[in-house]
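Observations on the three-dimensional arrangement
The primary structure of each chain is shown beneath.
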Amino acid sequence: MRIGMVGLGKMGANMVRRLMRGGHECVVFDLNPENVKRMASEGAKGAASLDDFVRGLGKPGAAWVMVPAGNSTEQTVRGLAERLEPGDIIIDGGNSYYKDDVRRANALKGRGIQYLDVGTSGGVWGAERGYCLMVGGEEKAFRHLEPVFQTLAPGRGEIPRTPGREEKKSAADEGYLHCGPSGAGHFVKMVHNGIEYGLMQAYAEGFDILANANSKDLPEDLRYALDVADIAEVWRRGSVVGSWLLDLSAMALAENPTLSNYTGVVQDSGEGRWTLMAAIEEAVPVEVLSAALYARFRSRQTHTFAEKVLSAMRFKFGGHVERAAGN
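To keep things clear, this report deals only with the structure shown in the data block.

Turning next to the side chain of Glu307. Looking at the secondary structure, you find Glu307 in helix α14 (residues 305–318). Judged by relative accessible area, Glu307 falls into the buried class, the value being 1%. Residues in contact with Glu307, not counting those within four places in the same chain, are Gly264, Val266, Ala295, Arg298, Ser299 and Thr302.

What follows is the structure, given as C-alpha cells:
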C-alpha cells in the first residue's frame, strides 16, 4: 500500500523503515527538513510541505500522524482535514486522549474523512520487534489499512498461542486489534500505559530494596552486598516476574550497576493521569496505579535508587531523556 507518515521522530521514522521493508510505499513529512531528507535517502518519498505530502498520497489517501499528543496533533489533524477529500483516512498513532479522538472523528465525519485512533506500543525497539497496535474507529477504515497494521505488528513469532484460544481467530494473535469505535484504541492504550506505570514501580521498588540491603542501619549479620545486575539477570531466566521491562532493567544495570548516569527525575506523559480519571468516572479502585503516578510526582523533588530504575526503563524502551527537576 501507499501510506503517508507525518512526524519522523523516534517512532515515526522507525515505523516508516519497517513499512518499507514490508513492501509499502511511504510518503513522509516533518517540520524538520533534515528528517525528511534522511528518510528520502532510505527510500521514502519526501514531501517539502503538507500540500506536497497530501498530493503524494494517492486515492484514497491515508495519512498517519505520529507527533506529540495535544496541540501538535490537533494542528496536524486540522491541517490534513483541510487538504484531504471524502474517503481519505487520518490515523492518529500518538498517545492522544480518547475523548479528543471521539470529537475529532465526529468532526471529520461531516467532511467524509475517516479517522482511526491507533494506540501504538513498541518504543524505539519497534522497527525490529514490531509494534503492538490497538485500533479504534470504523471497521471499514480498519479493514482497508489492515495490510499496514499486519506489517507494523510483530506477528505471532515464537510466542505460543494461549491455551484455550487455539480455535479462536483474532488479529490479536498477530499483535494488532480493532478494539471498537472511535476512541477505543487510545482508551485501551491509555490503560496499557497506566498498567505500565504500576509494573515499573514494582520493579523499581524491589530493586531499591536490593540495592539498600547492605545499609549500615541494619544489623551486621543481616546485611547483604548484593549484585543487583546479576539478580536482574537471573530473574530473566525462568522467573515468574520475567518481562521485557525486566530485560530492559537488566540491560541498564549491566551498563551501570549504580545507575549513576540517571538522576531519578521521572516524568509522566499523560496516560497515567487519564487512566486514573477514567477509573474515577467508572468508580473503579486503582490503588497501585494511583500510587505509581504519585511516586513519579514525588521523584521530581527527592530521588531514590527506585526512581533511577524507573528513569532507566523509560530511556531504554522509549528514549525518554530526563528533564531537570522542576522543569
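Two elements in contact, helix α9 (residues 184–211) and helix α10 (residues 228–235), have axes separated by 10 Å at closest approach and are oriented at 135°. In terms of orientation, α9 lies oblique with respect to α10. The interaxial crossing formed by α9 with α10 has right-handed handedness. Within the contact between the two elements, α9 uses Phe207, Leu210 and Ala211 and α10 uses Val228, Ile231, Ala232 and Trp235. Class assignment of the residues belonging to the contact of α9 with α10 gives a composition of seven nonpolar, no polar and no charged.

Take the sheet that holds strand β1 (residues 2–6) next. An order of β3-β2-β1-β4-β5-β6-β7-β8 is seen for the eight strands of this open sheet, with the pairing classed as mixed. Across the chains shown, the open sheet's two edge strands, defined by having one partner strand only, are β3 (45–46) and β8 (176–180). As paired strands, strand β2 (residues 25–29) and β3 are joined by two bridges and run parallel to one another. In the strand pairing of β3, Val27 is matched with Lys45.

Before going further, it helps to examine the pairing of strand β5 (residues 89–92). Neither face of β5 is open: one carries Ile89 and Ile91, the other Ile90 and Asp92, and all of them are buried. Relative to β5, strand β4 (residues 62–65) is paired through four bridges, and the arrangement is parallel. Directly across from Val65, in β5, lies its bridge partner Asp92. With helix α4 (residues 71–81) bridging β4 and its parallel neighbour β5, the resulting β-α-β unit is right-handed. Bridge count for β5 against strand β6 (residues 114–121) is four bridges, and the pairing is parallel. What sits directly across from Asp92, in β6, is Asp117. Between β5 and its parallel partner β6, the chain crosses via helix α5 (residues 98–109), and the hand of that crossover is right-handed.

The next point concerns the nonpolar core. One recurring pattern in soluble globular proteins: nonpolar side chains tend to sit buried together. Val16, Val28, Trp64, Ile91, Leu116, Leu145 and Phe149 are the most contacted members of the largest nonpolar core, which totals 32 residues. Of the residues forming this core, the biggest block, five residues, is contributed by helix α1 (residues 10–21). In this structure, Phe207, Ala232, Ala306 and Leu310 belong to the second largest nonpolar core, which totals 25 residues.

Let us now look at α14. Structural remark: α-helix, 3.6 residues per turn; residues separated by three or four positions point the same way. The end-to-end C-alpha separation of α14 is 20 Å, in line with the 20 Å expected for 14 residues at 1.5 Å each. With twelve of 14 residues buried, α14 is to be regarded as a mostly interior element. Those residues of α14 not exposed but buried are Phe305, Ala306, Glu307, Val309, Leu310, Ser311, Ala312, Met313, Arg314, Lys316, Phe317 and Gly318. Residues of α14 that are buried sit in contact with α1, α9, α11 (244–255) and α13 (287–299). Two to three positions downstream of the cap, the backbone nitrogen of Ala306 sits 3.2 Å from a side-chain oxygen, assigning the N-cap of α14 to Thr304. After α14 finishes, the residue Gly319 shows a positive phi value of roughly 70°.

Each value, and the rule that gives it
- Residues numbered from 1 in each chain as written.
- Predicted model: local features only at pLDDT ≥ 70, side-chain atom pairs only at ≥ 80, totals over all residues.
- Heavy atoms only, no water.
- Helix = DSSP H or I, 4+ residues; strand = E, 2+ residues; numbered from the N terminus.
- Buried < 20%, exposed > 50% of the residue type's maximum accessible area, 1.4 Å probe, protein only.
- Contact = heavy atoms within 4.5 Å.
- Axes fitted to C-alpha atoms, helices over the stretch in contact; angles between N-to-C directions.
- Parallel < 35°, antiparallel > 145°, perpendicular 65-115°, else oblique.
- Left-handed = near helix turned anticlockwise from the far one by under 90°.
- Nonpolar A, V, L, I, M, F, W, Y, C, P; charged D, E, K, R; others polar.
- Pairing = 2+ DSSP bridges.
- Right-handed = clockwise from strand over helix to strand, strands pointing away.
- Core = buried A, V, L, I, M, F, W, Y, C linked by side-chain atoms within 4.5 Å.
- Expected span 1.5 Å × (residues − 1).
- Polar contact = N/O pair within 3.5 Å; in protein donor to acceptor, adjacent residues only side chain to side chain.

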